[in-house]
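# Inside the fold
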Amino acid sequence: MHTNEGAADGALTDSRATDSRATDSRVADFVRLKRLHAQAVRDSVALVRRIRPDDLTRPTPCAAWTLADLLAHMTVQHHGFAAAARGDGRDPAHWAVRPLGPDPVAAYGSAAEQVIAAFAAVDDPDRECHLPEFTAARTFPARRAIGFHLIDYVVHSWDVARALGLRHEPGPELLRAALPIARAVPDDDSRLAPGSAFRPGLPVDDTAGELDRILALLGRSPSWRAPGHAAGPAAPRDA
């Protein structure tokens, strides 16, 4: 069969160019995701720094969790996801919740920087990560693992802010990235399990802002307030 070699070479060149552009786009998207992930985690650090010892018994939007319980959960999740990013996520010891130490705020800040650094070192968006809290039967690509962790800290930052009587206003780019992740979180019986970070989704008005929609999708009432505490000034975010 006769072929037009010039046309074939042109098609191959165009295909390679398209593949290259797609690869470049995926890499750029992954770099952006890691940047927004770091922003979400550092937002949580700025809020946790507002916690004083007397605050640890405050209720939170997480059913049956005090602020101490929430802080312990948030801290160990940093350790677990950092281990996953390093390739050691299957070890259950990394995911075991520990009692808060004498300086839980400093411990939280240290754990946060560890998980940011661990994901920053991942170059391949498809690198396999073990997340045994989700399932031991499979791994997840790094881009999904980072997305899971990002949405956790958008919502848990709001949890901390509300427990302290503060408003939390994530940046618009972060909210735009977080909303489709929140939509993709399965709303199934797993949310009814004891210790689940998210409860069944709640209805929300179509005119609601992005943060309110994220919260409702993940079982938070945007109107929740700590007893006796109206929402105060917006908490500062780290640069």
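Residues numbered from 1 in each chain as written. Predicted model: local features only at pLDDT ≥ 70, side-chain atom pairs only at ≥ 80, totals over all residues. Heavy atoms only, no water.

Now for the overall build of the protein. The helix and strand tally for the protein stands at six helices and two strands. Listing every helix and strand of the protein by position from the N terminus yields α-α-α-β-β-α-α-α. Looking at the protein alone, contacts between residues at least 24 apart form 71% of all its contacts between residues at least 6 apart. Roughly 12,200 Å² of accessible area belongs to the protein as shown, and the carbon and sulfur atoms make up 54% of that amount. (Helix = DSSP H or I, 4+ residues; strand = E, 2+ residues; numbered from the N terminus. Contact = heavy atoms within 4.5 Å. Areas by Shrake-Rupley, 256 points an atom, 1.4 Å probe, with all protein chains shown as cover.)

Moving on: the packing of helix 2 (residues 67-86) against helix 4 (residues 142-163). Running from N to C, helix 2 and helix 4 point in directions that differ by 160°, and their axes come no closer than 11 Å. Judged on the interaxial angle alone, helix 4 and helix 2 are roughly antiparallel. Viewed along their axes, helix 2 and helix 4 form a crossing whose handedness is left-handed. Between helix 2, through Leu67, Leu70, His73, Met74, Gln77, His78 and Phe81, and helix 4, the contact on the second element is made entirely by Ala145, Phe148, His149, Asp152, Tyr153, His156, Asp159, Val160 and Ala163. A per-class count over the contact of helix 2 with helix 4 returns nine nonpolar, five polar and two charged. (Axes fitted to C-alpha atoms, helices over the stretch in contact; angles between N-to-C directions. Parallel < 35°, antiparallel > 145°, perpendicular 65-115°, else oblique. Left-handed = near helix turned anticlockwise from the far one by under 90°. Nonpolar A, V, L, I, M, F, W, Y, C, P; charged D, E, K, R; others polar.)

With that settled, the discussion passes to the packing of aromatic side chains. To describe a pair of aromatic rings, one takes the distance between the centres and the angle between the planes. Within this structure, the stated rule accounts for five aromatic pairs. A centroid spacing of 4.7 Å and a plane angle of 15° characterise the contact between Phe134 and Phe148, whose relative ring orientation is stacked. With Phe134 in the loop between strand 1 (128-129) and strand 2 (140-141) and Phe148 in helix 4, the pair connects residues that are 14 residues apart, well separated along the chain. An angle of 75° between the planes, with centres 5.5 Å apart, marks the rings of Phe140 and Phe148 as edge-to-face. Following the ring pairs from residue to residue traces out a cluster consisting of Phe81, Trp95, Phe134, Phe140 and Phe148. Its guanidinium or amino end placed over the ring of Phe140, Arg138 lies 4.2 Å from that ring's centre, counting from NZ or CZ. (Phe/Tyr/Trp six-rings, centres within 6.5 Å; stacked < 30°, edge-to-face > 60°. Lys NZ or Arg CZ within 6 Å of the ring centre and 35° of its normal.)

Okay, the confidence of the model for the protein next. For the protein, the mean per-residue pLDDT works out to 86, and 83% of the residues sit at or above 70. Confidence drops under a pLDDT of 50 for residues 1-17, and excluding neighbours within four residues, the segment shows zero contacts in the predicted structure. Below a pLDDT of 50 lies the segment residues 232-239, which in the model reaches 22 contacts outside its immediate sequence neighbourhood of four places, other chains included. (pLDDT = per-residue confidence, 0-100.)

Moving on to the nonpolar core. With 61 residues, the main nonpolar core has Leu150 and Ile214 as its most contacted residues. Contributing elements (two or more residues each) for this core: helix 1 (5-48), helix 2, helix 3 (104-120), helix 4, helix 5 (172-184) and helix 6 (210-217). Considering every element that reaches this core, the biggest residue donor is helix 4, with 13 residues. Dropping the residues within four chain positions of it, Ile214 is found in contact with Ile151, Val155, Leu175, Ala178, Leu179 and Ala182. (Core = buried A, V, L, I, M, F, W, Y, C linked by side-chain atoms within 4.5 Å. Buried < 20%, exposed > 50% of the residue type's maximum accessible area, 1.4 Å probe, protein only.)

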